[in-house]
Amino acid sequence: MANVGFASLCLALGLGSILSFVRLHWLTKKQTWLVYQGLLFSLSLSFFVLITGFILNDFSMSSVAEHSHSQQSLLYKIAAVWSHHEGSFLFLSWLMSFLPLCDLRRWLSFTDKQTKEYFRIMGRILTLWIGYSVIFASPFREVFEISSPGGLNPLLQDQMVIIHPPILYVGYALTFYLLGLGLLGRQNLHTIALLSFGFLSMGITLGSYWAFTELGWGGWWFWDPVETLSLLPWLVTGALLHRLKGSKMFSFLPLLPALSVLLGFVVIRSGAVQSVHSFAFDEQRGYSLLFLIIGFGAMTLTARSQVLRQAPFTKDIFQKIAFWGFIVCSFILLLGSLTPPIFSFVQSKNIELSRHFFDTLSTFIGIGILISLILFEGKPFWRKKNIIGLLVFVLCGATSLLWTLPSGSIPQNLILSLSCALIILCFWKFCQVPHFRLWVHSGIAIAALGMALETQGRLESSVVLKQGETAEIHHPWNLTFQNLTPLKTALYEGARAKISLNNQNTQAQKTFLPERRRYFSQNLLTSESGQKFSFPHAFLVHMGDKTSDHAWFFEFSYHPWVFLIWIGGTLIFIGSILVAIKHET
């Protein structure tokens, strides 16, 4: 089975090379189309073989032997396909070749020359991508001596691994489709940019929820390198959307989202930075990834250099402000991500930029973006001299500001007041002239509101307890360690604690069941947090190690209004998709 998968992958590489290097006039449109269909079929067959190997427990394939286990559930076996380095590259390659064919209306408008030129551009992109998989990251290497299956990384054994990576990868694949259309010189790329922005938003939102439920990762956002670099394509695509003016072409921006995706792959998987996403660690192939991004950049820049011309900015001053806000924020994230590995290489010293660095700078940039959105959406007030509406808006904003001043820092209060004002403004405008763009802007405001409220109201505490002991963590809450139950399955052994959280004022009680596990195959200790969600609050209890005197270490955290972050991200996704559909129709 491994030989079939590898042979089909090599065939896809050969067909991609034909599209890349054969002169356009040597192939007709029909022949070019048939070659691309063959490439898609070969990639699909290779991907199907990999999935089948995981389902049937074919441990003769290295990827299956290292990342699957016969005792894992069927869904986890399928999810393991894209949860490791080699499988994720193959999955993204398949999406990059498949998704463009779903845009039939656009394809019907292509001329013969444009169709062949597009296939040539995508052929070059896929040749580099598939070539890397064949030479350095093949999931079909054969294993002749099987010791013991590795199994899916315990940190990834969560329901989110089934839906979070595919949604994020769809957004990544759409950035490459956007790049191909941009290099082709096609106009009206707004729809694809919106779809990419929507899927990236949903993928990041699901990742935020996943990081939140894994308490050891630092709440809903920890500025881990993977989290940080996942924001780059989202920010660049957001900047691109504010750079568009009607259906006119716009400079070299279609290149940047795809390059930011590839840069994230290089930095995270080359071993240059340490990440909790240990499944993506690929130190041995770091230089090959670097050569891939250099070749990718050179190929795209020479593919159609006459298209990469500077176009005038949109005339709307507020869209300019939003554009530069996204760009500056992208630069800050890029600087913060690349500074530690560069400094380590030059000075042979390890440094780390703290979470405070990202929080502080992104807060001030976020304030600028919120102000630009408020001014952009508020244009009808002063253009139509709607004094009553403007006064209502100002009063609501001032009220929200006064409501938040007693607590929190000035930047957080500004985020709160500006977010409330933008939500009110979007609702006001939607009642007058419904437009799904307002869903996106209000989603950004709701997410920003949730971030500010959660940051201001978050409570965290650590205690060491023996069975039967009680400790006061934050008045009026007490944490009681009731009992401990041993656990043992085919994959792991461990213990489950029963923890009760008691409110001294209301006598209300919440019960948590955190777990501490040791997985046999990896000999890895992990924790499963106990969670209680009651809108708008979220409570988490994390179980740590056992002390020498038979006590256990516990971490308690309280997160108010954290749901608003995920509600806002979902609104951005829905609004982006609806705007894209409306724009197409």
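This text goes with the structure placed above it.
For the structure given in this document, a descriptive report is provided here. (Residues numbered from 1 in each chain as written. Predicted model: local features only at pLDDT ≥ 70, side-chain atom pairs only at ≥ 80, totals over all residues. Heavy atoms only, no water.)

### Digging into the sheet that holds strand β9 (residues 537-546)
Link 1 in the chain: Pairing within the open sheet is antiparallel, and its four strands lie in the order β1-β10-β9-β8. The open sheet terminates on both sides in strands that have one partner only, identified here as β1 (459-465) and β8 (530-534). Adjacent strand axes in the sheet meet at a mean angle of 15°, parallel and antiparallel pairs treated alike.
Link 2 in the chain: Sitting on the sheet, helix α9 (residues 190-213) is in contact with β8, β9 and β10 (552-560), with an inclination near 125° to β8.
Link 3 in the chain: Its contacts with the sheet place helix α18 (residues 437-457) against β1 and β10, and it is angled at close to 135° to β10. (Pairing = 2+ DSSP bridges. Helix = DSSP H or I, 4+ residues; strand = E, 2+ residues; numbered from the N terminus. Axes fitted to C-alpha atoms, helices over the stretch in contact; angles between N-to-C directions. Contact = heavy atoms within 4.5 Å.)

### Some details on the environment of Leu92
Link 1 in the chain: Structurally, Leu92 is set in helix α5 (residues 85-98).
Link 2 in the chain: A relative accessible area of 0% means that Leu92 is categorised as buried.
Link 3 in the chain: Separated by 38 residues in sequence, Leu92 and Ile130 have C-alpha atoms that sit 9.9 Å apart.
Link 4 in the chain: Once residues within four sequence positions are removed from consideration, Leu92 is found in contact with Trp129, Tyr169, Tyr172, Ala173 and Phe265. (Buried < 20%, exposed > 50% of the residue type's maximum accessible area, 1.4 Å probe, protein only.)

### Quick notes on the packing of helix α1 (residues 2-21) against helix α2 (residues 29-55)
Link 1 in the chain: Running from N to C, α1 and α2 point in directions that differ by 155°, and their axes come no closer than 8 Å. Taken together, the axis directions place α1 and α2 in an arrangement best described as roughly antiparallel. As for how α1 packs across α2, the hand of that crossing is left-handed. On the side of α1, the interface is formed by Val4, Gly5, Ser8, Leu9, Leu11, Ala12, Leu15, Gly16, Ile18 and Leu19, while α2 contributes Thr32, Val35, Tyr36, Gly38, Leu39, Ser42, Leu43, Leu45, Ser46 and Val49.
Link 2 in the chain: The residue makeup of the contact of α1 with α2, split by class, is 13 nonpolar, seven polar and no charged. (Parallel < 35°, antiparallel > 145°, perpendicular 65-115°, else oblique. Left-handed = near helix turned anticlockwise from the far one by under 90°. Nonpolar A, V, L, I, M, F, W, Y, C, P; charged D, E, K, R; others polar.)

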